[in-house]
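Residue strings, one per chain:
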Amino acid sequence: EDQVTQSPEALRLQEGESSSLNCSYTVSGLRGLFWYRQDPGKGPEFLFTLYSAGEEKEKERLKATLTKKESFLHITAPKPEDSATYLCAVPSGGYQKVTFGTGTKLQVIP
Amino acid sequence: NAGVTQTPKFQVLKTGQSMTLQCAQDMNHNSMYWYRQDPGMGLRLIYYSASEGTTDKGEVPNGYNVSRLNKREFSLRLESAAPSQTSVYFCASSEGLAGATQYFGPGTRLTVL
C-alpha cells in the first residue's frame with residue numbers, strides 16, 4: 001500500500017532559525033511529489049512539484065529537494081508568516097489518485 | 001479568476017438529513033475531486049471525475065454521491081448524514097489526473113449532530 005509519512009508532526013522555531021521538514025514515501029514508480037501549504041481554515045495551496053531524484057526547487061525562504069525515498073522542505077531564516085501546515089503528496093493507486101501525508105504544523109515565533 | 005469555489009462554507013446538519021455541497025472551477029480543468037480532511041488522517045479522496053461525464057470512487061466513497069454537472073461544476077451529496085461524516089470537505093481541480101497539480105477550494109466545514 002502506498003504511504004506518505006511526514007515528520008515531525010509539529011515544529012516550533014524562533015524567527016530566523018532554519019530547519020527542515022521531512023516527507024518519506026513508499027510508492028511504486030514515483031511520478032512526482034507535491035508540496036502544499038495550508039493555513040488554518042483554508043484549502044491547501046500549491047508550492048512545488050518535484051519529478052526526479054536530485055531535483056530542487058526554491059520559492060522565497062523555501063527549498064524542496066527529492067531523493068528516491070524522501071523529500072525535504074528546507075526553511076531558511078523563517079518568518080512568522082511562514083507559520084502553516086505543510087503537506088506533501090504523491091500520485092498513487094495507478095496514478096488516479098493522490099496520497100497525502102498528515103502534514104507538519106510549523107509555528108515560527110517572533 | 002476565482003479559481004475553485006465552494007458553497008456553503010459552514011453547515012450543521014442533524015443525523016439523517018441530506019445536503020449537497022457545491023463546487024465550481026473557472027480554470028477550464030478536466031479533472032475534479034472531493035476530499036475530506038479529519039484530524040490525524042490527512043486528506044482522503046471521496047470521489048473524483050477524470051473528465052466531464054465520468055465519475056469514480058476514491059478511498060472513502062460510502063455515504064456519498066457525486067454529480068459532474070458540466071466541465072465547471074462537481075457536486076457532492078450526502079443522502080442521509082451521519083455523525084461520522086463530520087469533517088472539512090475540500091474540492092480540487094487539475095488539468096489531468098493524479099500526475100497534475102491539484103488546486104483546492106476554501107473548504108466546507110460540516111458538523112452532523
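Above: the structure in question.
Here is what the cut-offs are and how they apply
- Residues numbered from 1 in each chain as written.
- Chains lettered and ligands numbered in written order.
- Predicted model: local features only at pLDDT ≥ 70, side-chain atom pairs only at ≥ 80, totals over all residues.
- Heavy atoms only, no water.
- Disulfide = S-S within 2.5 Å.
- Helix = DSSP H or I, 4+ residues; strand = E, 2+ residues; numbered from the N terminus.
- Buried < 20%, exposed > 50% of the residue type's maximum accessible area, 1.4 Å probe, protein only.
- Contact = heavy atoms within 4.5 Å.
- Polar contact = N/O pair within 3.5 Å; in protein donor to acceptor, adjacent residues only side chain to side chain.
- 1 Å grid on protein atoms, 1.4 Å probe; cavity = no way out; pocket = protein on both sides within 12 Å on 5 of 7 lines; lining within 4 Å.
- Points joined across faces, edges and corners; volume = space filled by probe spheres on them.
- Nonpolar A, V, L, I, M, F, W, Y, C, P; charged D, E, K, R; others polar.
- Pairing = 2+ DSSP bridges.
- Axes fitted to C-alpha atoms, helices over the stretch in contact; angles between N-to-C directions.
- Core = buried A, V, L, I, M, F, W, Y, C linked by side-chain atoms within 4.5 Å.

Draft legend 1. Fine view of the state of the cysteines. With the rule as written, the count across this model stands at 2 disulfides over all chains. Two residues, Cys 23 of chain A and Cys 88 of chain A, share a disulfide whose sulfurs are 1.9 Å apart. Across the S-S bond linking Cys 23 of chain A and Cys 88 of chain A, the dihedral sits near 80°, which makes this disulfide right-handed. Within this pair, whereas Cys 23 of chain A is found in strand β3 (residues 19–26), its partner Cys 88 of chain A is found in strand β9 (residues 84–92), the two being separated by 65 residues in sequence. The exposure class of Cys 88 of chain A is buried, given its relative accessible area of 0%. Each disulfide pairs two cysteine sulfurs, and for Cys 23 of chain B the partner residue is Cys 91 of chain B, the sulfurs being separated by 1.9 Å.

Draft legend 2. Representation of the interface of chain B and chain A. Across the boundary between the two partners, chain B contributes 20 residues, which contact 19 residues of chain A. In this assembly, chain B and chain A are joined by 3 residue pairs in polar contact (both at pLDDT 80 or more). Secondary structure elements with two or more residues in the side of chain B that touches chain A: β4 (31–38), β5 (42–49) and β10 (103–104) of chain B. Ranked by residue count, the leading element in the side of chain B that touches chain A is β5 of chain B, at 4 residues.

Draft legend 3. Local environment of the layout of surface pockets. Empty space within the largest pocket amounts to approximately 740 Å³. Around the largest pocket, the lining comprises 30 residues; the ones closest to its centre are Gln 38, Pro 40, Gly 41 and Thr 85 of chain A together with Gln 37 of chain B. For the lining of the largest pocket, the secondary structure elements donating two or more residues are β9 and β11 (104–109) of chain A together with β4, β9 (87–94) and β11 (108–112) of chain B. Among the elements that line the lining of the largest pocket, the one with the most residues is β11 of chain A, at 4 residues. Split into classes, the residues belonging to the lining of the largest pocket amount to 10 nonpolar, 13 polar and 7 charged. Counted as a void, the second largest pocket has a volume near 310 Å³. Contributions of two or more residues to the lining of the second largest pocket are made by β1 (3–7) and β10 (97–100) of chain A together with β5 of chain B. If you tally residues by element for the lining of the second largest pocket, the top one is β1 of chain A, at 4 residues. Along the lines of polarity and charge, the residues of the lining of the second largest pocket split into 4 nonpolar, 6 polar and 5 charged.

Draft legend 4. Structural view of the sheet that holds strand β6 (residues 56–59) of chain A. Residues and elements named next belong to chain A. The strand order across the open sheet formed by 5 strands is β1-β3-β8-β7-β6, and the pairing between neighbours is antiparallel. With one partner strand each, in any of the chains shown, β1 and β6 form the two edges of the open sheet. Taking each pair of neighbouring strands and ignoring which way they run, the sheet shows an average axis angle of 15°. Here 5 bridges tie strand β7 (residues 62–66) to strand β8 (residues 70–75), and the two strands are oriented antiparallel to one another. Looking at β8, one finds that Ala 64 is bridged to Leu 73.

Draft legend 5. The arrangement of the nonpolar core in detail. Ranked by internal contacts, the top residues of the largest apolar core, which has 23 residues, are Leu 33, Trp 35, Leu 73 and Tyr 86 of chain A. For this core, the elements supplying multiple residues, two or more each, are β2 (10–14), β3, β4 (33–38), β5 (45–50), β7, β8, β9 and β11 of chain A. The dominant element in this core, judged by the number of residues it contributes, is β9 of chain A, at 4 residues. What Tyr 86 of chain A contacts, discounting residues up to four positions off in sequence, is Gln 6, Leu 21, Trp 35, Tyr 36, Arg 37, Leu 47, Leu 62, Leu 73, Gly 103, Thr 104 and Leu 106 of chain A. If you look at the next biggest cluster of nonpolar residues, it comprises 19 residues, including Cys 23, Leu 76, Leu 78 and Ala 81 of chain B.

Draft legend 6. Looking closely at the pairing of β1 of chain A. Residues and elements named next belong to chain A. Side chains of β1 alternate between two faces, with Val 4 and Gln 6 buried and Gln 3, Thr 5 and Ser 7 left unburied. Sheet topology places β1 next to β3; 5 bridges connect them, and they run antiparallel. Across the sheet, the residue bridging to Thr 5 is Ser 24, located in β3.

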